Amino acid sequence: MAQSGNNSNGFEQTLWATADKLRGHLDAAEYKHVVLGLIFLKYISDAFHVLYDDLAARAETDYTDPEYRDEYTAENVFWVPQEARWPALQAQAKSPEIGLRIDEAMAAIERENPRLKGTLPQDYARPELDKRRLGELIDLISTIAMRSGDVLGQVYEYFLGQFASAEGKKGGEFYTPASIVKLLVAMLEPYRGRVYDPCCGSGGMFVQSKRFVAAHGGRVGDISVYGQESNPTTWKLCRMNLAIHHIDSNLGPHHADTFHHDLHPDLKADFILANPPFNISDWGGNLLAEDKRWQYGAPPTGNANYAWLQHMIHHLAPNGRAGIVLANGSMSSQQSGEGEIRRKLAQADLVECMVALPPQLFYNTQIPACLWFLARRKAAGRQGQTLFIDARELGQMVDRTRRELSDDDIDRIAATFHAWRNNEDGYEDEPGFCKSAMLAEIAAHDFVLTPGRYVGAADVADDGEPFEEKVERLSLLLKKQFSESYRLQETILESLNELL
């Protein structure tokens, strides 16, 4: 799955509100491809025109030719044929043939740029797509006139998040909430090396990793991106999302099921970030009983959680680390051999940290979730130990149904983890929040990895009221409330009898 920035500003919100009005009777899932395809087309055209204008300006002095295709290839800029350039399409926005013109433009761009083959949507001419609204949408996207991939990338990313919210349950299939992705990246710190997501959705893990590298003075080229996605339309969204953020990637030649057609069989990744779908029951595990990835035991055929964990362990480099979002049940289930696999993972000293997340963070499910952090080789001084963090009380509700972790929440969790991992003096167990546990303690809990078992209850500040007095006061209060409850019950029954 993927992520996006909820770093919304007025411009993006206004743009979204207007674009959503033009949706008409299309559902969000269908409209998503209409809008995001156009934003990507605008990005390609804008990037082309930036270089075009530069070449035209230097024509007299450097003898450059803005219509010479090799100039664009040399600069790693997509070549855009004349009929596919945005100004040409915008000029036809009011034409009833605009859908056909866009399809032709998409086909021409794919034909001229083999890297994009099979990526761009080409169904704008279909009858059910209102061409008047389509023309208005083109005019709206034309207002993003900064000719900057960063601006268009932000818009693309913001719209991904909005579509995920609009689609509800289905939205979570291609999108991981921003705060969760930020937390994963803040804890793993993928500065350089191979970054892998075996269920990459629309690519949010990679976009956030790029941001992290840039924010810490690194170069985007310091990381190599590998991904895989089984949904064909989401695979296309991901390719567009990474291109618009200038991220070179290897997503394989097509979409594919990670378990049954691993597109990167020899990959050993330095960092793995993933939010696999929770508790998949029909993943075809019965066909993979002897798979070499199940080093710690064959995962149950009725739940893929431990198949995902072992697939990622299989792909970790000798010093590799992984951050994985899974359902809470993965921390404690004893069914179908999961408890035995978890015991082996703990005894192999692979489990570096467990984080219990607050409820209601996801668009598509209310299932409580957690983060697994795995390490092939733990930091010096932390062998045989696992850090447990209970973050269930963090986060704030951002609307009626959904919660987000704030930047302060993310900083607190990540700082705790890094202080522990680096053996800094600043790390201390904090009742109710974090606890560093030895393997023997984990074994005493039968290898259940739920943080609440280890961190205990938070210290409560002494209010100065003697215990006996507090019990007496609260008992009187409870009796008064019982009495009031009885009185209200009698009143309601009398009212009902009068109605009968």
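Analysis parameters
- Residues numbered from 1 in each chain as written.
- Predicted model: local features only at pLDDT ≥ 70, side-chain atom pairs only at ≥ 80, totals over all residues.
- Heavy atoms only, no water.
- Pairing = 2+ DSSP bridges.
- Helix = DSSP H or I, 4+ residues; strand = E, 2+ residues; numbered from the N terminus.
- Contact = heavy atoms within 4.5 Å.
- Axes fitted to C-alpha atoms, helices over the stretch in contact; angles between N-to-C directions.
- Patch = residues over 30% accessible without salt bridge, like charges linked within 9 Å, V, L, I, M, F, W, Y side chains within 5 Å.
- Areas by Shrake-Rupley, 256 points an atom, 1.4 Å probe, with all protein chains shown as cover.
- Salt bridge = Lys/Arg side-chain N within 4 Å of Asp/Glu carboxyl O.
- Buried < 20%, exposed > 50% of the residue type's maximum accessible area, 1.4 Å probe, protein only.
- Right-handed = clockwise from strand over helix to strand, strands pointing away.
- 1 Å grid on protein atoms, 1.4 Å probe; cavity = no way out; pocket = protein on both sides within 12 Å on 5 of 7 lines; lining within 4 Å.
- Points joined across faces, edges and corners; volume = space filled by probe spheres on them.
- Parallel < 35°, antiparallel > 145°, perpendicular 65-115°, else oblique.
- Nonpolar A, V, L, I, M, F, W, Y, C, P; charged D, E, K, R; others polar.
- Left-handed = near helix turned anticlockwise from the far one by under 90°.
- Polar contact = N/O pair within 3.5 Å; in protein donor to acceptor, adjacent residues only side chain to side chain.
- Expected span 1.5 Å × (residues − 1).
- Core = buried A, V, L, I, M, F, W, Y, C linked by side-chain atoms within 4.5 Å.
- Phe/Tyr/Trp six-rings, centres within 6.5 Å; stacked < 30°, edge-to-face > 60°.
- pLDDT = per-residue confidence, 0-100.

**Some points on the sheet that holds strand 7 (residues 369–375)**
Strand order in the open sheet formed by nine strands is 3-2-1-4-5-7-6-8-11, and the pairing between neighbours is mixed. A strand with exactly one partner marks an edge of an open sheet, and here the two such strands are strand 3 (249–250) and strand 11 (434–438). Two strands pair when backbone bridges link them, and strand 6 (residues 351–356) and strand 7 are joined in this way by five bridges, in the antiparallel orientation. From the neighbouring strand, valine 355 faces strand 7, where its bridge partner is leucine 371. Helix 9 (residues 178–188) rests against strand 4 (269–274), strand 5 (316–327), strand 6 and strand 7 of the sheet, and its axis sits at about 155° to strand 5. Helix 12 (residues 305–314) rests against strand 1 (193–197), strand 4, strand 5 and strand 7 of the sheet, and its axis sits at about 160° to strand 5.

**Focus: a nonpolar patch on the surface**
On the surface, a nonpolar cluster with roughly 420 Å² of combined accessible area is contributed by Ile492, Leu493, Leu496 and Leu499. By the element assignment, leucine 496 lies in helix 17 (residues 467–499). Looking at leucine 496, the relative accessible area reads 44%, which means it is partly exposed.

**Digging into the pairing of strand 5**
The element strand 5 is extensively covered by neighbouring structure, given that 10 of its 12 residues are classed as buried. Note that strand 4 and strand 5 share five bridges and pair parallel. The partner of phenylalanine 271 across the bridge, within strand 5, is arginine 321. You can see the chain leave strand 4, run along helix 12 and come back into strand 5, and the turn it takes is right-handed. In this sheet, strand 7 lies alongside strand 5 in antiparallel orientation, the contact comprising seven bridges. Bridging across to strand 7, valine 325 finds its partner in leucine 371.

**Observations regarding empty space enclosed by the protein**
By the definition in use, this model includes one cavity of 30 Å³ or more. Considered as a void within the structure, the largest cavity measures approximately 50 Å³ in volume. Lining of the largest cavity is provided by Ala346, Asp349, Leu350, Val351, Lys378, Gly384, Gln385, Thr386, Met438, Leu439 and Ile442. If you list the elements that add at least two residues to the lining of the largest cavity, you get strand 8 (385–390) and helix 15 (439–444).

**A word on the packing of helix 6 (residues 98–112) against helix 7 (residues 131–142)**
Direction vectors running N to C along helix 6 and helix 7 enclose 55°, while the axes themselves pass 9 Å from each other. Our classification of the angle between helix 6 and helix 7 gives oblique. Contacts between helix 6 and helix 7 pair Ile98, Gly99 and Ile102 from the former with Lys131, Leu134 and Ile138 from the latter. When the residues that make up the contact of helix 6 with helix 7 are grouped by side-chain class, the tally is four nonpolar, one polar and one charged.

**Re the packing of helix 2 (residues 28–57) against helix 7**
At a minimum axis distance of 10 Å, the contact between helix 2 and helix 7 shows a crossing angle of 45°. As far as their axial angle goes, helix 7 and helix 2 are oblique. Where helix 2 crosses over helix 7, the handedness of that crossing is right-handed. Contact residues: helix 2 offers Tyr31, Val34, Val35, Leu38, Ile39 and Lys42, while helix 7 offers Leu134, Leu137, Ile138, Ile141 and Ser142.

**With respect to the pattern of salt bridges**
All chains considered together, the criterion is met by 25 salt bridges. The partner of arginine 126 in a salt bridge is glutamate 128, and the shortest N-O contact between them spans 3.6 Å. Linking aspartate 130 and arginine 133 is a salt bridge whose minimum nitrogen-to-oxygen distance equals 3.7 Å. Taking relative accessible area as the criterion, aspartate 130 reaches 33% and is therefore assigned partly exposed. Arginine 133 sits in the partly exposed class, given a relative accessible area of 23%.

**Some thoughts on the side chain of glutamate 404**
Along the polypeptide, glutamate 404 turns up in strand 10 (residues 403–404). In this structure the side chain of glutamate 404 is engaged in a polar contact, spanning 3.3 Å, whose partner is the side chain of arginine 402.

**Some words on helix 6**
For helix 6, spanning 15 residues, the distance from its first C-alpha to its last is 21 Å, which sits close to the expected 21 Å at 1.5 Å a residue. Along helix 6, the residues classified as buried are Ile98, Gly99, Ile102, Asp103, Ala105, Met106, Ala108, Ile109 and Glu110. Packing partners of the buried residues in helix 6 comprise helix 2, helix 5 (86–90) and helix 7.

**Looking at the nonpolar core**
In a soluble, globular protein the nonpolar side chains are often hidden away together inside. Ranked by size, the top nonpolar core spans 57 residues in total, and within it Tyr31, Ile39, Phe40, Ile102, Leu137 and Phe159 carry the most contacts. Elements with a contribution of two residues or more to this core: helix 1 (10–21), helix 2, helix 5, helix 6, helix 7, helix 8 (149–167) and helix 11 (232–244). Sorting elements by how many residues they give to this core places helix 2 first, with 14 residues. Each residue touching phenylalanine 40, except ones within four places of it in the same chain, is listed here: Leu116, Leu120, Met240, Ala243 and Ile244. By size, the runner-up hydrophobic cluster in this structure holds 49 residues, among which are Leu183, Val207, Cys238 and Phe417.

**Looking at the environment of leucine 273**
Considering the arrangement of structural elements, one finds leucine 273 in strand 4. Leucine 273 gets classed as buried once you look at its relative accessible area, which sits at 0%. Excluding anything up to four places from it in sequence, leucine 273 contacts Leu184, Val185, Leu188, Val195, Tyr196, Asp197, Met205, Ser209 and Gly323.

**Looking at helix 12**
Counting buried positions over the 10 residues of helix 12 gives 10, a clear majority of the element. For helix 12, the set of buried residues is Asn305, Tyr306, Ala307, Trp308, Leu309, Gln310, His311, Met312, Ile313 and His314. The inward-facing, buried residues of helix 12 contact strand 1, strand 4, strand 5, helix 13 (338–347) and strand 7.

**Here we look at the packing of aromatic side chains**
Two aromatic rings are characterised by how far apart their centres lie and by the angle between their planes. Inspection of the entire model under this criterion finds 17 aromatic pairs. For the pair phenylalanine 40 and tyrosine 43, a centre-to-centre distance of 5.9 Å together with 35° between the ring planes defines the contact as tilted. On the criterion of helical spacing, the pair formed by phenylalanine 40 and tyrosine 43 is a turn pair, its members being three residues apart in helix 2. Across the pair, exposure class does not vary: phenylalanine 40 and tyrosine 43 are buried alike.

**Some thoughts on the confidence of the model for the protein**
For the protein, the average pLDDT comes to 88, and 93% of its residues sit at 70 or higher. Across residues 1–8, where pLDDT falls below 50, the model places 53 contacts with residues more than four positions away in sequence or in other chains.

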